[in-house]
Amino acid sequence: MTYVVGLTGGIGSGKTTIANLFAELGVPLIDADIVARQVVAKGSPLLDKIVEHFGVDILAENGSLDRARLRQIIFNQSQEKHWLNNLLHPAIRQEMLQQIQQCSAPYLLFVVPLLIENNLIEICDRVLVIDVDASIQLERASKRDQNKIEIIKNIMASQVSRAERLRYADDVIENNMPLEQGGEKIKMQVSELHQHYLELAKSKESQCQKSS
Ligand code: ATP
C-alpha cells in the first residue's frame with residue numbers, strides 16, 4: 001500500500017501552503033477538509049440524515065449544506081455537536097481510507113488539521129508537523145479569515161498544544177519566516193523530504209514484498 005505521510009499543524013500554520021509545494025513535485029494530496037465536504041455533498045445520504053435531524057433550514061438556497069448555519073447551531077449545543085461528529089467522523093475516516101487505498105503513487109500526503117486530536121496518526125507511516133510561533137499563527141489566520149483574534153484563540157485552545165503536536169513529529173518544517181525571505185529554504189526542505197519519503201516508501205514496499 002502507498003506510504004502515508006500525515007501533514008499536520010495548528011490553524012494558519014501553513015499546511016496548505018506547504019502541501020502545495022509537495023503537490024508541485026507530483027505528490028498526491030488527500031485533504032481532510034475536502035473529504036469532510038465531499039461526504040455531505042448535495043445528494044449524499046449523509047446530507048439527507050442531517051436534514052432529517054435539523055430540518056430543511058439547514059440547507060442553503062441551492063440545496064447544499066449551509067455550513068455557517070450548522071456551525072452556529074452546534075456552537076453552544078454539545079449534544080448536537082456530538083450527534084454530528086458521530087455521524088460524520090466514521091464516514092470521513094472511511095472515505096479517506098478508500099482514497100488512500102486507491103492511490104498508486106509511491107507515497108501521498110495526508111493533510112489533516114486534527115491528525116492527533118482525531119486519532120488519525122494510526123493511519124500514517126510518518127508525521128510531518130508544520131510549526132510556527134503562536135503569535136505568527138494568530139496574525140496569519142486572523143488576516144486570512146478576517147476573523148477576530150478571540151475566535152482564532154478559541155480554535156487554537158481546542159487544538160493540541162504546540163509542544164504536544166511536536167511530540168508526534170517525525171519531521172518538522174518551521175514556517176516562521178515570511179515567504180519572501182524563507183520561501184527558498186522551505187522549498188529546499190520540501191525537496192529533501194520528498195527524496196527521503198520516496199526512499200522510505202521504496203523500503204516499505206520491498207519489506208512488504210519479502211513478507212508476502
Ligand atoms: P488552516 O488550518 O487554518 O486551514 P493552514 O495551516 O492550511 O491553515 P495556510 O492556509 O497554508 O495554513 O496559511 C495560512 C495563511 O498564512 C495563508 O494566508 C497563507 O498564505 C499565509 N502563509 C503561510 N505561510 C506563510 C509564510 N511563511 N509567510 C507568509 N504568509 C504565510
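Because the structure is a prediction, the values reported are computed rather than measured.

Novice: Please clarify how the layout of surface pockets should be interpreted in this entry.
Specialist: Think of a ball as big as a water molecule: rolled over the atoms, this probe shows where empty space is left. Here the second largest pocket is characterised by a volume of approximately 160 Å³. Around the second largest pocket, the lining is made up of 16 residues, and of these Q137, M156, V160, R162 and R165 lie nearest the centre. Those elements giving two or more residues to the lining of the second largest pocket turn out to be β4 (126–131), α6 (134–145), α7 (149–158) and α8 (162–167). Among the elements that line the lining of the second largest pocket, the one with the most residues is β4, at three residues. Of the residues contributing to the lining of the second largest pocket, the split by class is seven nonpolar, five polar and four charged.

Novice: Sorry if this is basic, but what is going on with the sheet that holds strand β3 (residues 107–111) here?
Specialist: Note on sheets: strands pair through backbone hydrogen bonds, and any given pair is parallel or antiparallel. With parallel pairing, five strands are arranged side by side in an open sheet as β2-β3-β1-β4-β5. Of all strands in the sheet, those bounded by a partner on one side alone are β2 (29–31) and β5 (171–174). Ignoring which end each strand starts from, the neighbouring axes of this sheet average 20° apart. Sitting on the sheet, helix α9 (residues 179–211) touches β1 (3–8), β3, β4 and β5, and the angle it makes with β5 is about 165°.

Novice: Quick question: what am I supposed to make of the pattern of salt bridges here?
Specialist: Where charged atoms from two side chains of opposite charge come close, those side chains can pair. Tallied over the entire structure, the rule returns six salt bridges. Linking D171 and R126 is a salt bridge whose minimum nitrogen-to-oxygen distance equals 2.8 Å. Of the two residues, D171 sits in strand β5 while R126 sits in strand β4, which places them 45 residues apart along the sequence. Here R126 falls in the buried class, since its relative accessible area comes to 17%. In this structure, R162 engages D133 in a salt bridge whose closest nitrogen and oxygen atoms are separated by 3.1 Å. Remark: D133 occurs in the loop between β4 and α6 and R162 occurs in helix α8; sequence separation between them is 29 residues. Given a relative accessible area of 29%, D133 falls into the partly exposed group. Through salt bridges with shared partners, one network takes in D131, D133 and R162.

Novice: What should I look at first to understand the domain arrangement of the protein in this one?
Specialist: The figure often quoted for interface size is the accessible area lost as the parts come together. According to the domain assignment, the protein contains domain 1 (1–28 + 105–212) and domain 2 (37–102). With centres defined by C-alpha atoms, the gap from domain 1 to domain 2 works out at 25 Å. In this complex, domain 1 contributes 10 residues to the contact, which on the side of domain 2 involves six residues. Both faces considered, domain 1 and domain 2 share a buried interface measuring about 680 Å² in area, 73% of it formed by carbon and sulfur atoms. Linking domain 1 to domain 2 there are one salt bridge. Here E122 makes a salt bridge to R93, at a shortest N to O gap of 2.4 Å. Here domain 1 and domain 2 share one residue pair in polar contact (both at pLDDT 80 or more) between them. Across the side of domain 1 that touches domain 2, the residue classes tally to six nonpolar, three polar and one charged.

Novice: Where do I start with the side chain of S44 in this structure?
Specialist: With respect to the helices, strands and loops of the structure, S44 is situated in the loop between α2 (32–38) and α3 (45–54). When its relative accessible area of 10% is taken as the criterion, S44 is described as buried.

Novice: What's the story with helix α4 (residues 67–75) in this structure? I'm lost.
Specialist: For an α-helix, 3.6 residues make a turn, and residues three or four places apart therefore share a direction. Those residues of α4 that fall on the buried side of the exposure criterion are L70, I73 and I74. Take α4 and look down its axis: the buried residues cluster within an arc of 90°, on one side only. Away from the buried face of α4 by more than 90 degrees, exposed residues R71, Q72 and F75 are located. Residues of α4 that are buried make contact with α3 and α5 (78–102).

Novice: In this structure, what is going on with the site of the ligand? I would like to understand it.
Specialist: Close to the ligand lie 14 residues; K15, T16, T17, R144 and N175 are nearest. T16 is positioned with one of its side-chain polar atoms (N or O) 2.6 Å from an oxygen atom of the ligand. With respect to the ligand, the side chain of R140 contributes an N or O atom lying 3.3 Å from a nitrogen atom. Compared with its free state, where it exposes 630 Å², the ligand has 77% of that area covered by protein. Elements that contribute at least two residues to the shell around the ligand include exactly α1 (15–24) and α6. Looking at which element gives the most residues to the shell around the ligand, the answer is α1, with three residues. Classifying every residue of the shell around the ligand by side-chain character gives four nonpolar, seven polar and three charged.

Reading guide: rules and limits
Residues numbered from 1 in each chain as written. Predicted model: local features only at pLDDT ≥ 70, side-chain atom pairs only at ≥ 80, totals over all residues. Heavy atoms only, no water. 1 Å grid on protein atoms, 1.4 Å probe; cavity = no way out; pocket = protein on both sides within 12 Å on 5 of 7 lines; lining within 4 Å. Points joined across faces, edges and corners; volume = space filled by probe spheres on them. Helix = DSSP H or I, 4+ residues; strand = E, 2+ residues; numbered from the N terminus. Nonpolar A, V, L, I, M, F, W, Y, C, P; charged D, E, K, R; others polar. Pairing = 2+ DSSP bridges. Axes fitted to C-alpha atoms, helices over the stretch in contact; angles between N-to-C directions. Contact = heavy atoms within 4.5 Å. Salt bridge = Lys/Arg side-chain N within 4 Å of Asp/Glu carboxyl O. Buried < 20%, exposed > 50% of the residue type's maximum accessible area, 1.4 Å probe, protein only. Domains from an automatic or database assignment. Buried area = accessible area lost by both parts, 1.4 Å probe. Polar contact = N/O pair within 3.5 Å; in protein donor to acceptor, adjacent residues only side chain to side chain. Arc of directions from axis to C-beta. Near = heavy atom within 4 Å. Areas by Shrake-Rupley, 256 points an atom, 1.4 Å probe, with all protein chains shown as cover.

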